[in-house]
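Structure assessment
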Amino acid sequence: MSTPDPRHSPPGHVVATRPNDVMAPTVRKHRGLLEEVWHNFKKNRLSLTGGVIVLFAIFVAVFAPVLAPHNPVEQFKDPPGEHSPLAPMSRSEEGALFLLGSDKFGRDILSRAIYGCRTLLQLATSSIALAFTLGVLMGGIAGYRQGSWVDESIMRLVDIMLSFPALILAIALLGAFGIGKTQVGPVTLSNMYKIAFVIAITYSPAFARVMRGVVLQEMAEDYVDAAKMSGGSGWQILSGEIFVNTIPPLIVQASLNMATTILTSASLSFLGLGLQPPRPSLGIMLNEAREYMFGGAWWYALVPGTFILLIILGFNLLGDGLRDSLDPRQARRTR
Amino acid sequence: MIKETVVETVKETIIEKGEEVVVTKEVITEVEVEVEVVVTATSPPPPPTELRVGISTEPWDLDPAIRTDTGSAYIIQNVYDPLIEMDVNREPTTEFALAEGWEWNDDATVLTFKLRQGVKFHDGSDFNASVLKYNIDWERDPENEAPNAGPLGPIDTVEVIDDYTLQVTFTDPYPDAVVLWTGTGLSGVVPEGGHGERSEEIGVAGFAATELTRSPIGTGPFKFVEWVSGSHITLEKFDDYWVEGVPAMDRVVFEIIPDDAAKEAALISGSVHIVDKVPIKDFETISSMSGIVTERMPGIQTQLLYINLGAPPFGIGPDQVGDEAAIEKAYNLRKFLYHVVDRDQILDRLFYGMGTIQFGPWFPDSDWTSPNLKGMTTFDPALAQEYWEKSGYAATGLDFRMMCTNAQWFCDVSTIIQEQLRPYGVNVEVIPIDKSAFFDTMYETFDWDVGMEDWGQGTPLALNWLYYHSYRNEHNHNHWHHAEEGLREDYHETVPGHKEFCDLYDQAEVEPDEQARKELVWQMEEMATNDVIQVDLMWLDNLYAWRDSVVGYGDGVTPEGPINLKYVTEFTE
Amino acid sequence: MGVYLFKRLLLAVPTLVGASLIIFLLVHIAPGDPVRVLLGQMDDPALRERLIQHFGLDQPLYQQYLRWFGKVLQGDLSISVTIQRGSPVSELLAQRYVVTLELAFLSTIVALLIAVPVGITSALRQNRLSDHVARIVAMVGVSVPNFFLGILLILVLGVTFHKSWATGGYVPLSKSVSDNLTFMFLPAIALGTAYSAIIMRMLRSSMLDIMSQDYVRTARAMGIGWGSIVRQDVVKNALIPVMTVMGNSIGYLLGGSIVTETIFRLPGIGRLIIIGVDRRDYPVIQGVVLSIVLVRIIINLAVDILYSVIDPRIRYGAEGE
């Protein structure tokens, strides 16, 4: 069943099943799957656009040091008689040109936005990767040991985590762990990974559910019984045959959650719960911009906001496209 | 005025043909008569005047004996009268205060108050000496756990001499009592029994609500009407206020508007008439707008960097006690920090130049600031470089943490300092945390390096500030401790000099001669500043703005910043 | 049906208990505490010790938890330590929920007003220009962070057009209905826009789903006009999953309200939790989060019931997934 909280399942995917359920699209298990997917994908112009945007964002993030005109943390001096934030196309006292204006510390907004992309994508990718790993582990174990107390307790935990709205759980967790490096046993988590970890915790239930659902489906298949009879251990089966077939729905889940993960990271920074100064962060820039709106510094809010909007848009288009390509029924309808 | 025709019949005697004849005449006059027209209920009374004030934070507690936040002060100022008031020069005054005068005995151990007569509380009861005694006794009672009771001093007895005379006897000389009492719960005098019963329902400890917390009753010009959490607090005129002509308006509504921009917009559009503060960057623009009056005056908020003297790199760890080399290294690093921070840049960038750079802990133009500190070099790149090299970190680089409260501009100041240190190879990790975690970390652990915060200098006494600054061996901001019997187990002796500092304080506290006391204070300030116990950056100016329809409000603004509506003479809206 | 309902209710209990445990632990692990906040800058260690004892903060965690949860079960959410000191948390919650629920309600109306006509039209005119435009607009709508939209609205209407109501604020319904709605107008749009895109996409694809079903094609073959088919069957059936979506989105709305309320200064639940976290007001934080979890559980349950009533196929659903 679809909900606007994509931790539950991919939206727009309608089948008359029980609510709170996750429907794994039926995937045909034969070669040529990849070709089929690519074929469907190419035909959808919207998803191509999404793909282009995402690629561009990744490009910007990777090549940030080259693309950014200035050091994003350098605070330039104001020309006499003026006060930062300065308007686009103005110069600092040292002569540095601010293509898109400067912020309240005299730092170049364009450079900060470029590095901000990098920070956002780093955060989102690590969050998803962690959520993926956690979810797959939880869901895999629960599915394999279906019906046991292990299954029950894991799924109860998943239920509980799902009962918190994502942002609120993240706020509570970050409040508990604080900002800055934290010791978790022998491991020191840097601030960024801590935030990624927190976000991952809020998104892993979705992956867990998808994984468990697919594992259950696969386990009912004949080839699993065959493998068991020929002496394969549980882990081998799980990581071998079953896992391969779980990949497509998990990828769909990941691509859809990418957009909301980005939104959650940006919201957290906006609320001041994210990264530490002077790290460039699009959410923090938006928050700083709020007090300068009435002074007329429109660029301060517009630049980071537009960047965030485009990135999320890219991932949404891409995610939709991927999902459409992987599900033949959808592909038939929406092309 | 009505014109009425009056006819008078007059008899006159005239002479006609030699004979006297009596003639009747009619004299007609027109008279203007003033007619009083009695107005009955058919004609409407003038609408009640309503003043609206925009404040930033919701008050916590309207009981003056237990409140600790500034938001509550705005309301308390207008619902209650204090025993002693402070004027714009931070001197005690009896204007709008319930004390008419006071008198010390020879050795500053007995203080006698003469109290104002004819003052009534909003509930109709009278103010007199026994009511005042109730106020003082309630606050002193340790069971009530009143947080503002400390400055009351070492009180021995409180005696009612007569209805309007109260005598307070201290166990030791306490010459600053009058000034210090303005910072206690006596900033608002409550009716006898006003605090009410302590019961499970309202809460047990002193911080739990009293009966006045949400329904204050005082002698002030305004009575409490309602408090809608998250929205506003309403007060209305108290007709029996003991000062004629005050207040000048019928109702006051304190609107809670946390967002500075919105508050500013409300002031400009006229939907509020007074705001508690103005965004720094907009002050100049607002000042030139018609219909708005602004004022800027030196304030009492000092911005400072707390330094952890109990651990490297700025201090001495427990295993380094007495280690001369370690002490020297930490000292050099602190001196580097002191001289490397460009205070003017911070002042200009964040505060638009509206503040005063500090030389040491106290106000730069006060004669309680040591003349040796005045005009001293603060920001100096050459000196900074010298100390940086002496400290030995120039070769290796340095990483340290600066925690800042995640509010107002504290993390912004930290961000600027972080950038100022970067060229030296210093990596500052700025850690924004909430206020509670900040102070918890600072007091309870040695696991921090530098903290950026501010402090409101509530009491205008330099010695008093030095008490909170560093005096308490078991509890000070910078972990400046000396070894002594009874020192907390988890504390250790840190940077040297604290014992000397405390000895100077003890001397100053009982020194009767003011000049001698000043010199002792100067010595303490020099010690703290030259050894860089903390870095006192700057005092910020207070910025006020109100609409010109509120006449006289400007006479009541002080560095403390409360919203004092008692001075408003006219409200023309 | 009764069994199903009972089972679901029973499952809700450990969820609630588990959630309460988690939030309690998280809040108490963090450094800092309300006493620190209360004492302000003139801190007194002796007073602090006494206060900690009074609030029971020195007891072992499990005891504190049992004490708190025990009271919760009796309906007592205890007293806020730092907000309008002494007010019961339940009172604060009630005041603030009124605002947030109104915001959620208005946002939903905004969302539906946009989504329903656009979604239906888009499905009916599939793959024509209007469909593509609608889908692109929906995509953008879903991608705009609601805080950015809020800021943009304030920037355009508040700053450029100088509308004073565009800068935020709140007037209770009891005081003035028209003022209240004026101030709620922009926040509802900010929160409702992304929501509308979600609903629209859902509606569109569920309608397409149904339109391709056999019974619809049969009806068409029999010559029944699109109009009546749409009205009688398609829309009604398409609305079922949409309603489920909406039911499940209370979490989304509550989360989104945090940011919207911050930008527009609405005294709702979202703002309350931010204030609570900042002041380390344990009873408030715990009370708010627990209430949100409870609301979600109740609504999920209600949606489940509604769904099982409408679609008998799943009434006696299988175990497991």
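**Some points on the overall build of chain C**
In terms of helices and strands, chain C carries 13 helices and zero strands. Ordered by position from the N terminus, the helices and strands of chain C form the series α-α-α-α-α-α-α-α-α-α-α-α-α. Taking contacts inside chain C between residues at least 6 apart in sequence as the whole, the part at least 24 apart equals 72%.

**What about the overall build of chain B?**
If you tally the helices and strands in chain B, you get 14 helices and 21 strands. Relative to the 2.2 N^0.38 estimate, which gives 25 Å for 573 residues, the radius of gyration of chain B is 32 Å and therefore markedly larger than a compact globule would have. Here the C-alpha coordinates of chain B stretch approximately 140 × 55 × 50 Å along the principal axes. Buried residues in chain B amount to 46% of all 573 residues. Long-range contacts, defined here as pairs at least 24 residues apart, represent 65% of the contacts in chain B between residues at least 6 apart.

**Considerations on unusual backbone geometry**
Cis peptide bonds are those with omega within 30 degrees of zero, and the linkage from A:Ser84 to A:Pro85 qualifies with 5°. Topologically, A:Pro85 is positioned in the loop between helix H3 (64–67) and strand E1 (90–91). The residue after B:Val246, namely B:Pro247, is reached through a cis peptide bond having omega 0°. Locating B:Pro247 in the fold gives a position in the loop between strand E11 (232–237) and strand E12 (251–256). The backbone of B:Arg90 shows a phi angle near 65°, a positive value even though the residue is not glycine. Along the chain, B:Arg90 falls in the loop between strand E4 (85–86) and strand E5 (92–93). Even without being a glycine, B:Val532 presents a positive backbone phi close to 50°. The residue B:Val532 is located in the loop between helix H14 (514–530) and strand E19 (534–547) in this model.

**A short note on the nonpolar core**
In terms of nonpolar packing, the biggest core is built from 232 residues, with A:Cys117, A:Ala170, A:Ile262 and C:Ile199 touching the most fellow members. Considering every element that reaches this core, the biggest residue donor is helix H8 (residues 177–211) of chain C, with 18 residues. The contacts of A:Cys117, once residues within four sequence positions are left out, are A:Ala57, A:Val60, A:Ala61, A:Phe307 and A:Ile311. Ranked by size, the runner-up nonpolar core spans 76 residues in total, among them B:Leu186, B:Val189, B:Val568 and B:Phe571.

**Re the pairing of strand E9 (residues 165–170) of chain B**
Residues and elements named next belong to chain B. Bridge count between strand E7 (residues 110–115) and E9: five bridges; the pairing is antiparallel. When the bridges of E9 are listed, Thr 112 appears paired with Gln 167. Examined bridge by bridge, strand E8 (residues 155–162) and E9 share six bridges and lie antiparallel to one another. Bridged to Glu 159 within E9 is Gln 167. Here E8 hands over to E9 after two residues, the two strands then running antiparallel side by side.

**Things to note about the sheet that holds strand E6 (residues 99–104) of chain B**
All names here are of chain B. Strand order in this open sheet of four strands is E6-E7-E9-E8, and the pairing throughout is antiparallel. Two strands lie at the open edges of the sheet, namely E6 and E8, each paired on one side alone. Sheet twist, expressed as the mean angle between neighbouring strand axes with direction ignored, is 20°. Strands E7, E8 and E9 of the sheet are contacted by helix H2 (residues 129–140), whose axis makes an angle of about 165° with E8.

**Quick look at helix H5 (residues 149–163) of chain A**
For H5(A), which comprises 15 residues, the first-to-last C-alpha distance of 21 Å matches the rise-based estimate of 21 Å (1.5 Å per residue) to within 8%. Within H5(A), the full set of buried residues consists of A:Ile154, A:Met155, A:Val158, A:Asp159, A:Ile160, A:Met161, A:Leu162 and A:Ser163.

**Things to note about the packing of helix H2 (residues 45–62) of chain A against helix H4 (residues 109–144) of chain A**
All names here are of chain A. At a minimum axis distance of 8 Å, the contact between H2 and H4 shows a crossing angle of 105°. What the angle tells us is that H2 and H4 run roughly perpendicular. Touching Ala 57, Ile 58, Val 60 and Ala 61 of H2 are Ile 114, Cys 117, Arg 118 and Leu 121, all from H4. A per-class count over the contact of H2 with H4 returns seven nonpolar, no polar and one charged.

**Notes on the environment of A:Gly106**
Residue and element names in this part refer to chain A. Tracing the backbone shows Gly 106 in the loop between strand E2 (97–98) and H4. When the C-alpha atoms of Gly 106 and Leu 86 are compared, they prove to be 7.6 Å apart, with 20 residues separating the residues in sequence. When residues no more than four places from it in sequence are discounted, the contact partners of Gly 106 are Gln 75, Phe 76, Lys 77, Asp 78, Ser 84 and Ser 92.

**Digging into the confidence of the model for chain B**
Looking at chain B as a whole, its pLDDT mean stands at 86, while 90% of the residues score no less than 70. This stretch, residues 199–206 of chain B, has a pLDDT under 50; its non-local contacts, to residues over four places away or in other chains, come to 19 contacts.

**As for the confidence of the model for chain C**
Residues and elements named next belong to chain C. Across chain C, pLDDT averages 78, with 84% of residues at or above 70. At the level of individual helices and strands, chain C shows its lowest average pLDDT in helix H10 (residues 226–248), which scores 70, and its highest in helix H5 (residues 89–124), which scores 86. Note that pLDDT drops below 50 for residues 314–321; the model gives that stretch 12 contacts with residues more than four away or on any other chain. For this predicted complex, the interface confidence comes out at an ipTM of 0.80, alongside a pTM of 0.83.

**Brief notes about the interface of chain B and chain A**
At the junction of the two partners, chain B supplies 22 residues and chain A supplies 15 residues. Secondary-structure elements contributing two or more residues to the side of chain B that touches chain A are helix H4 (260–269), helix H10 (410–421) and strand E17 (426–433) of chain B. In terms of residue count, the dominant contributor to the side of chain B that touches chain A is H10(B) (six residues). Looking at the side of chain B that touches chain A residue by residue, the classes come out as 11 nonpolar, four polar and seven charged.

**Here we look at the pairing of strand E3 (residues 50–55) of chain B**
Residue and element names in this part refer to chain B. Among the six residues in E3, five count as buried, and that is most of the element. In this structure, E3 lies alongside E12, joined through six bridges in parallel fashion. Looking at the pairing, Gly 54 lines up with Glu 255 of E12.

**Some words on the packing of helix H12 (residues 462–471) of chain B against helix H13 (residues 498–510) of chain B**
Think of two packed helices as two axes; the pair is described by the angle between the axes and how far apart they sit. Residue and element names in this part refer to chain B. At a minimum axis distance of 11 Å, the contact between H12 and H13 shows a crossing angle of 155°. Taken together, the axis directions place H12 and H13 in an arrangement best described as roughly antiparallel. For the crossing formed where H12 meets H13, the hand is left-handed. On H13, the residues touching Leu 463, Leu 466, Tyr 467, Ser 470 and Tyr 471 of H12 are Phe 501, Cys 502, Tyr 505, Ala 508 and Glu 509.

**Some thoughts on the environment of C:Leu306**
With respect to the element layout, C:Leu306 can be found in helix H13 (residues 282–310). For C:Leu306, a count of 15 C-beta atoms within 10 Å gives the class partly exposed.

**Let's talk about helix H7 (residues 343–351) of chain B**
Residue and element names in this part refer to chain B. Arg 343, Ile 346, Arg 349, Leu 350 and Phe 351 are the residues of H7 that are buried. Considered in projection along H7, the buried side chains sweep an arc of 155° and stay on one side of the axis. Where the residues of H7 are buried, they touch strand E15 (355–357), H10 and E19. Tyr 352, located one to two residues past H7, shows a positive phi value of around 55°.

**Some words on the environment of C:Leu77**
All names here are of chain C. Tracing the backbone shows Leu 77 in the loop between helix H4 (61–73) and H5. With 22 C-beta atoms packed within 10 Å, Leu 77 lands in the buried category. Residues Leu 77 and Thr 182, 105 residues apart in the sequence, show an inter-C-alpha distance of 33 Å. Setting aside chain neighbours within four positions, we find Leu 77 in contact with Val 72, Pro 88, Val 89, Ser 90, Pro 283 and Gly 287.

Calculation criteria
- Residues numbered from 1 in each chain as written.
- Chains lettered and ligands numbered in written order.
- Predicted model: local features only at pLDDT ≥ 70, side-chain atom pairs only at ≥ 80, totals over all residues.
- Helix = DSSP H or I, 4+ residues; strand = E, 2+ residues; numbered from the N terminus.
- Contact = placed C-beta atoms within 7 Å.
- Rg over C-alpha atoms; globule rule 2.2 N^0.38 Å.
- Buried ≥ 20, exposed ≤ 12 C-beta atoms within 10 Å, placed from the backbone.
- Core = buried A, V, L, I, M, F, W, Y, C linked by C-beta atoms within 7 Å.
- Pairing = 2+ DSSP bridges.
- Axes fitted to C-alpha atoms, helices over the stretch in contact; angles between N-to-C directions.
- Expected span 1.5 Å × (residues − 1).
- Parallel < 35°, antiparallel > 145°, perpendicular 65-115°, else oblique.
- Nonpolar A, V, L, I, M, F, W, Y, C, P; charged D, E, K, R; others polar.
- pLDDT = per-residue confidence, 0-100.
- Left-handed = near helix turned anticlockwise from the far one by under 90°.
- Arc of directions from axis to C-beta.

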